[in-house]
Amino acid sequence: MIPRYSRPDMVAIWSPESKFRIWYEIEAHACDAMADLGVIPRENAQAVWKAKDVTFDVARIDEIEAVTKHDVIAFLTHLAEHVGSEEARFVHQGMTSSDVLDTCFNVQLVRAADILIEDTQQLLAALKRRAMEHKMTIRIGRSHGIHAEPTTMGLTLARFYAEMDRNLARLKTARDEIATGAISGAVGTFANIDPAVEEHVCAQLGLEPEPISTQVIPRDRHAAFFAALGVVASSVENIATEIRHMQRTEVLEAAEFFSMGQKGSSAMPHKKNPVLTENLTGLARLVRMTVVPAMENVTLWHERDISHSSVERNIGPDATITLDFALARLTSVIDKLLVYPENMLANMNKFPGLVMSQRVLLALTQAGVSREDAYRLVQRSALKVWETGCDFKTELLADDEVTAALSPQEIEEKFDLGYHTKHVDTIFKRVFGA
């Protein structure tokens, strides 16, 4: 990803220097295990660790690869330049390139997942804090974009918290599923390398041995990983879209923080645009863009081909770097979100009392009016409010058919906002616990 949408800790995971360091650790740990088994001399295994403090020369490796046309061989050649040709002659004994590439890729994905998990936890903390702050801040709930019934800003934020909490569980599951390594040799039969080598290398790198690999780790694991990232990105967009709606001029129930010196438009000085959440909507599309290729990578020819390789070299960094940036940006947006309770009430009362129509409908049916007649009576007054902006309660009180079933006091009590918030505590306990 371009620097504009990148954060350094996640970028570092995908740097060539980090990759070659992981490759080196895989090879060195494998040599230790083979020495333990008596397959290679102990002194040769120990010699490999002479490079433990080396910063591998990316340009030199690229130079060798330009000749060999093989990245792993280029790295092994460069490693021998540091260790010594004779000392390094047992490096990669019985291994195949995918043992290094796949195990390294999964180490990188695990490290990336750890950052994404931390990002999500920080977002959850922000959502919880703001949800508690606005637990009883009344706003209108909308369905189809149309006023429905009262809810609270706290419930809106609690809903997003619950969604992101599920995403936290998805990320943890995805991390666990991807945390496998394979050092099984050509076509995965361990013919030229003992399974104990794989067990040792995986233990050193914090992985579990892949139960059965071919020449590659099965790509259904990676498909599940990127699918989880795609779901998280969709939730980011879900929250961002709600904020974008709330910031619309004719709504203005909440807005992104607008800093001193910030400009909203090159042409119109009055503009305060929701640029951060619009950006998040776009970034979510980029993350989801990686999901289908990851799914398509599941299908490989026989024990291995490399049709997945070029895909993963792109989507691994792109998806994780982008989502890391998006989660951090969304956390900042939630932390600084400006909320306007007065505007929320004004919007709800744009058509006075109209959002209480269901309460009146239910009261009429409880009073013995058929549902069909009750609906007709309530809708008759409701449509007048839509058309003229008159007061819904006033229209009901002037309707003889309504007052024949309900007293003025009974009608009046149907407009109590507290009725709609009486179970907010129950919902909060379900979401956040006691």
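Our subject is the structure that appears above.
Computed from a prediction, not measured in an experiment: that's the story for all the values here.

**Quick word on the pairing of strand β1 (residues 138-143)**
Taken together, the five bridges between β1 and strand β2 (residues 146-152) define a ladder with antiparallel strand orientation. Bridged to Ser143 within β2 is Ile146. Between β1 and β2, which follow one another and run antiparallel, lie two residues, and His144 among them has a positive phi close to 60°.

**Re the environment of Leu330**
As for its position among the elements, Leu330 is in helix α12 (residues 309-336). The class for Leu330 is buried, based on a relative accessible area of 0%. Taking the C-alpha atoms as reference, Leu330 lies 9.9 Å from Thr120; in sequence the two are 210 residues apart.

**So, the nonpolar core**
In terms of nonpolar packing, the biggest core is built from 103 residues, with Ile26, Phe56, Phe75, Leu127, Phe226 and Leu229 touching the most fellow members. Among the elements that make up this core, the one with the highest residue count is helix α6 (residues 97-133) (16 residues). Setting aside anything within four residues of it in sequence, one finds Leu229 in contact with Leu116, Leu171, Val287, Ala319, Thr320 and Leu323.

**Remarks on the side chain of Glu256**
Mapping Glu256 onto the fold places it in the loop between β5 (254-255) and α10 (275-288). One buried charged residue, Glu256, forms no salt bridge at all, with the nearest opposite charge on Arg244 at 7.3 Å. At 3.4 Å, the side chain of Glu256 and the backbone nitrogen of Val275 are in polar contact. In this structure, Glu256 is in contact with Ile243, Gln247, Asn273, Pro274, Val275, Leu276, Thr277, Val333, Leu337 and Leu338, ignoring residues within four places of it in sequence.

What counts and how
- Residues numbered from 1 in each chain as written.
- Predicted model: local features only at pLDDT ≥ 70, side-chain atom pairs only at ≥ 80, totals over all residues.
- Heavy atoms only, no water.
- Pairing = 2+ DSSP bridges.
- Helix = DSSP H or I, 4+ residues; strand = E, 2+ residues; numbered from the N terminus.
- Buried < 20%, exposed > 50% of the residue type's maximum accessible area, 1.4 Å probe, protein only.
- Core = buried A, V, L, I, M, F, W, Y, C linked by side-chain atoms within 4.5 Å.
- Contact = heavy atoms within 4.5 Å.
- Lys, Arg positive; Asp, Glu negative; His and termini not counted.
- Salt bridge = Lys/Arg side-chain N within 4 Å of Asp/Glu carboxyl O.
- Polar contact = N/O pair within 3.5 Å; in protein donor to acceptor, adjacent residues only side chain to side chain.

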